[in-house]
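# Topology and contacts: notes
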Amino acid sequence: MSSASGQPALARRLGTFDATVIGVGSMVGAGVFVAFAPAAAHAGPWLPAALLLAAVVAWCNATSTAQLAAVHPASGGTYLYANRQLGPWPGFVAGWGFVTGKTASAAAMSLTFGLYTAELLGAGDAGARLLAVVAVLGLTAVNLGGVSRTARLTKLLVVPVLAVLLAVVVLLHTVPGPAAGAVPGWEGSGWGVLPAAGTLFFAFAGYARVATLGEEVRDPARTIPRAVLGALALTLLLYAALGLGLLRFLGADRLAAATAPLLTVVERAGWSAGTTAAGAVLVTAAAALATLGALLALVAGISRTVLAMARQRDLPGRLGAVSQRHRAPWAAELAVAGVVVVLVLAGDVRTVIGFSSFGVLVYYALANLSALTLTERPGWAPRAVNALGLAGCLLLAFTLPAASVLTMLGVFAVGLAGRAVALSRRR
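Being a predicted model, the structure only gives us computed values, none of them experimental.

## Overview of the packing of helix H4 (residues 47-71) against helix H9 (residues 193-204)
Two elements in contact, H4 and H9, have axes whose closest approach is 8 Å; the angle formed by their N-to-C orientations is 55 degrees. The pairing of H4 with H9 is recorded here as oblique in orientation. Handedness of the H4/H9 crossing: right-handed. Between H4 and H9, the contacting residues are Leu47, Ala49, Ala50, Leu51, Leu53, Ala54, Ala55, Val57, Ala58 and Asn61 on the first element and Val193, Leu194, Ala196, Ala197, Leu200, Phe201 and Phe204 on the second. Looking at the contact of H4 with H9 residue by residue, the class counts come to 16 nonpolar, 1 polar and no charged.

## Quick word on the packing of aromatic side chains
Counted by the stated rule, this structure contains 7 aromatic pairs. Between the aromatic rings of phenylalanine 98 and tyrosine 363, the centroid separation amounts to 4.7 Å while the plane-to-plane angle is 35 degrees, which identifies the pairing as tilted. In this pair, phenylalanine 98 sits in helix H6 (residues 88-121) while tyrosine 363 sits in helix H15 (residues 351-372), placing the two residues 265 residues apart along the sequence. Just as phenylalanine 98 is buried, tyrosine 363 falls in that class too. A centroid spacing of 5.3 Å and a plane angle of 85 degrees characterise the contact between phenylalanine 358 and phenylalanine 398, whose relative ring orientation is edge-to-face. You can see phenylalanine 358 sitting in helix H15 and its partner phenylalanine 398 sitting in the loop between helix H16 (383-397) and helix H17 (402-426), a full 40 residues away along the chain. Overall, the relative accessible area of 1% leaves phenylalanine 358 in the buried class. Grouped by ring-pair contacts, the aromatic residues Phe98, Phe201, Tyr363 and Tyr364 constitute a single cluster.

## Re helix H7 (residues 125-144)
The first and last C-alpha atoms of H7 sit 29 Å apart over 20 residues, in line with the 28 Å expected at 1.5 Å per residue. The set of residues buried in H7 consists of Ala128, Arg129, Ala132, Val133, Ala135, Val136, Leu139, Thr140, Val142 and Asn143.

## With respect to the pattern of salt bridges
Per the stated rule, a full pass over the model turns up 2 salt bridges. Between arginine 304 and glutamate 333 there is a salt bridge whose closest N-O contact spans 2.8 Å. With arginine 304 in helix H13 (residues 273-311) and glutamate 333 in helix H14 (residues 330-346), the pair connects residues that are 29 residues apart, well separated along the chain. Among the residues examined, arginine 304 registers a relative accessible area of 1% and is labelled buried. Given the relative accessible area of 0%, glutamate 333 is considered buried. A salt bridge links arginine 419 to aspartate 314, with the shortest nitrogen-to-oxygen separation between them at 2.7 Å.

Rules used in this analysis
- Think of each chain on its own: its residues are numbered from 1, step by step along the sequence as written.
- Two thresholds apply to this predicted model, a pLDDT of at least 70 for residue-level local features and 80 or more for giving and counting side-chain atom pairs, whereas whole-chain, interface and lining totals are computed over all residues.
- Only heavy atoms go into the side-chain values, all of them from the structure, while hydrogens and water stay out.
- Note on definitions: angles span 0 to 180 degrees between N-to-C directions of axes, and those axes are lines fitted to C-alpha atoms, for helices only across the stretch in contact.
- Note on conventions: DSSP H or I runs of at least 4 residues are helices, E runs of at least 2 residues are strands, and numbering of each starts at the N terminus.
- Just so you know how the angles are binned, under 35 degrees is roughly parallel, over 145 roughly antiparallel, 65 to 115 roughly perpendicular, and the rest oblique.
- Helix crossings are classified by the rotation of the near helix relative to the far one: an anticlockwise turn of less than a right angle makes the crossing left-handed, while a clockwise turn makes it right-handed.
- We call two residues in contact when some of their heavy atoms are within 4.5 Å.
- Residue polarity is assigned by list, with Asp, Glu, Lys and Arg as charged and Ala, Val, Leu, Ile, Met, Phe, Trp, Tyr, Cys and Pro as nonpolar; anything else, Gly included, falls into the polar class.
- Pairing of aromatic side chains here covers Phe, Tyr and the six-membered ring of Trp, requires ring centres within 6.5 Å, and sorts the geometry by plane angle: under 30 degrees stacked, over 60 edge-to-face, intermediate tilted.
- Each residue gets one of three labels from its accessible area relative to the maximum for its type: buried under 20%, exposed over 50%, partly exposed in between, using a 1.4 Å probe on protein chains only.
- The span you would expect from a helix comes to 1.5 Å times its residue count less one.
- One side-chain nitrogen of Lys or Arg within 4 Å of one carboxyl oxygen of Asp or Glu is enough to make a salt bridge.

Right, dumping it as structure tokens:
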């Protein structure tokens, strides 16, 4: 079977379990290992409120995404939905926000993998960047083999990561920490909850990866809603246990200062030197595996959005090429990998979290707005949920640090100007 562009169509090979695993693997990545620290710097002891706010917005977004994916079961995610429900310009804004924001996120995740792995191997910054590039190229090769191979490797990566995170959760809630009885050294107000929630959204924004693979899911009207909401529910429970435990164990001041909070927990647990060393190795290895799993699913999701935009000529048409053998969008995969490698060689982890969050929050705002226009809707998705998600996304997006907001507004302006020029030339 071929698409309207004459390229082979993608193959429907994913069931509910595989799709849910990809969703969990997309979320439990670099975010859970780095996002709690900058969020604590904003919110201090109000971190649980920030986590709850990010979770509510994420749940609304997931509900809207599940609705739309059931109605429009093709690759592209909100780029496709906004195109069909709102028009080509909102669709382009959604696609551009996703591709640019998530490409920055992919660079952050690959750099996180490089940094954690370099620590295990005793390599320096150059070694970390080299390892990050190797990870991007290796996972791109896996994705080029088709979505079934992507799902299999995601399962292998997610299981040990979840096991280590659950062990850390038990440690956080059972072992007395250095923060016991201490007063956090945080100064600020409850308004820090808003930028903290926007930062934590970085750790949640993986559930829609299932929707971007909509053309490769069996029985999408039933499978996608179950996989999206199921993956988010599992991840919410894990993040709540981790966030509350980190705040109890370290306190807001120590958590905000930690570059690797989970590693700090193991080192401050008061175990013997040998046990602490083994625990540090386990946490470091889990962080590396988690970032690989998230990066694997992320590159797959970005490439499917690039594929959809190329099919509509919002990006160069050559990026819409699909391989006959593996039914994978090989041109988009290679283009995404190339851009990520450039960012890995030039960027850093923490500075891109805000940029990524703003782009993705705009993307989900358009998902909620698109869902508001649906005339037929299931009982579990009233319009009030779509409206709450839309308001929440805009609130979190524009209360992020000013540098992140202004930078991404500039990126959106460049994309819109480029599309306007391309359309005028076609005319």
